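Okay, here's what each chain looks like letter by letter:
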Amino acid sequence: AIGLKSGGSGEKIIDGPDFFNGYGLLDAKGAVDRIKFKQYFEFEIGLNNTQELSIEINNVDSIKFTLAWDDKFNDDMNTEKELFNDLDLKLVSPSGIIYYPWTLDSQNPENLAIRTKEDRLNNLEQVYVAKNQVEAGIWKVLVECFDCKTSQKFSLVSEAFSKVSNNFIGDSLVGYFPFNGNA
């Protein structure tokens with residue numbers, strides 16, 4: 001549910017998340033549309049594995065993918081890390097540019113969110129590619145089980161999925177966005 005809320009397309013107060021607003025205002029209609037138009041997928045990833053999805057993207061203003069998972073309580077007292085299973089979301093453009101999720105610096109909460117590294121803190125991650133950065137062609141969506149103690153179920157939410165046919169090749173989903181040129 002939180003992935004659907006954060007994957008909505010509502011108005012935002014800020015550019016990226018912050019410690020006060022989170023990911024912005026709730027877009028209930030956007031969340032309902034994600035369910036109605038099947039703009040999400042649920043997967044399970046094994047230990048130290050990477051789930052790769054390939055999707056062709058053309059003629060779109062921006063790209064946004066949101067990853068969410070129910071993490072188990074980490075009762076390991078010998079670690080500072082609170083995540084039991086740490087998944088990572090990245091997008092790779094047709095030219096090989098890697099796009100990372102929004103991350104915040106808890107030591108400097110006044111700083112703006114950045115998109116230059118993996119998120120090692122949260123069980124919700126969102127990668128956003130702005131209009132001037134979107135390339136036409138085949139994009140890769142990567143979900144990595146970076147530091148996992150067990151296999152992990154997760155959800156991936158994106159408007160791009162509304163245009164994807166469910167063609168799985170091994171562990172890859174191959175689809176096209178927009179489908180037939182319609183965004």
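Colleague: Sorry, what's going on with helix α2 (residues 28-36) here?
Modeller: It helps to recall that an α-helix has 3.6 residues per turn; residues three or four apart then point in one direction. For α2, the set of buried residues is Gly30, Ala31, Asp33 and Arg34. The buried residues of α2 all sit within an arc of 160° when viewed along its axis, so they share a single face. Relative to its buried face, α2 has exposed residues pointing more than 90 degrees away, namely Lys29, Val32 and Lys36. Immediately beyond the C-terminal end of α2, within one or two residues, lies Lys38, with a positive phi of roughly 50°.

Colleague: Sorry, what's going on with the environment of Glu44 here?
Modeller: Tracing the sequence through the fold places Glu44 in strand β1 (residues 40-45). The class for Glu44 is partly exposed, based on a relative accessible area of 44%. As a C-alpha pair, Glu44 and Ser155 span 111 residues in sequence and 8.7 Å in three-dimensional space. Look past the residues within four positions of Glu44 in its chain and what remains in contact with it is Gln51, Ser151, Gln152, Lys153 and Phe154.

Colleague: I tried to follow the environment of Lys131 on my own but got confused; where do I start?
Modeller: The residue Lys131 is located in the loop between β6 (124-129) and β7 (137-147) in this model. For Lys131, a relative accessible area of 58% gives the class exposed. Along the backbone, Lys131 and Val60 are 71 residues apart, and their C-alpha atoms lie at a distance of 7.6 Å. Not counting residues up to four positions away in its chain, the partners in contact with Lys131 are Asp61 and Ser62.

Colleague: Which parts of the structure should I look at to understand the sheet that holds strand β8 (residues 152-157)?
Modeller: Strands belonging to one sheet form pairs held by backbone hydrogen bonds; the direction of such a pair is parallel or antiparallel. Taken in spatial order, the four strands of this open sheet run β1-β8-β3-β6, and their pairing is antiparallel. Here the strands that pair on one side only, and so sit at the sheet edges, are β1 and β6. For this sheet, the mean inter-axis angle between neighbouring strands, taken without regard to orientation, is 20°. As paired elements, β1 and β8 share six bridges and run antiparallel to each other. In the sheet register, Glu44 faces β8, and the bridge partner there is Lys153.

Colleague: Just checking my understanding: could you explain the state of the cysteines for this structure?
Modeller: Applying the stated criterion across every chain yields a total of one disulfide. Each sulfur in the disulfide pair Cys145 and Cys148 lies 2.0 Å from the other. No difference in accessibility class separates Cys145 from Cys148, as the two residues are buried.

Criteria and cut-off values
- Residues numbered from 1 in each chain as written.
- Predicted model: local features only at pLDDT ≥ 70, side-chain atom pairs only at ≥ 80, totals over all residues.
- Heavy atoms only, no water.
- Buried < 20%, exposed > 50% of the residue type's maximum accessible area, 1.4 Å probe, protein only.
- Helix = DSSP H or I, 4+ residues; strand = E, 2+ residues; numbered from the N terminus.
- Arc of directions from axis to C-beta.
- Contact = heavy atoms within 4.5 Å.
- Pairing = 2+ DSSP bridges.
- Axes fitted to C-alpha atoms, helices over the stretch in contact; angles between N-to-C directions.
- Disulfide = S-S within 2.5 Å.

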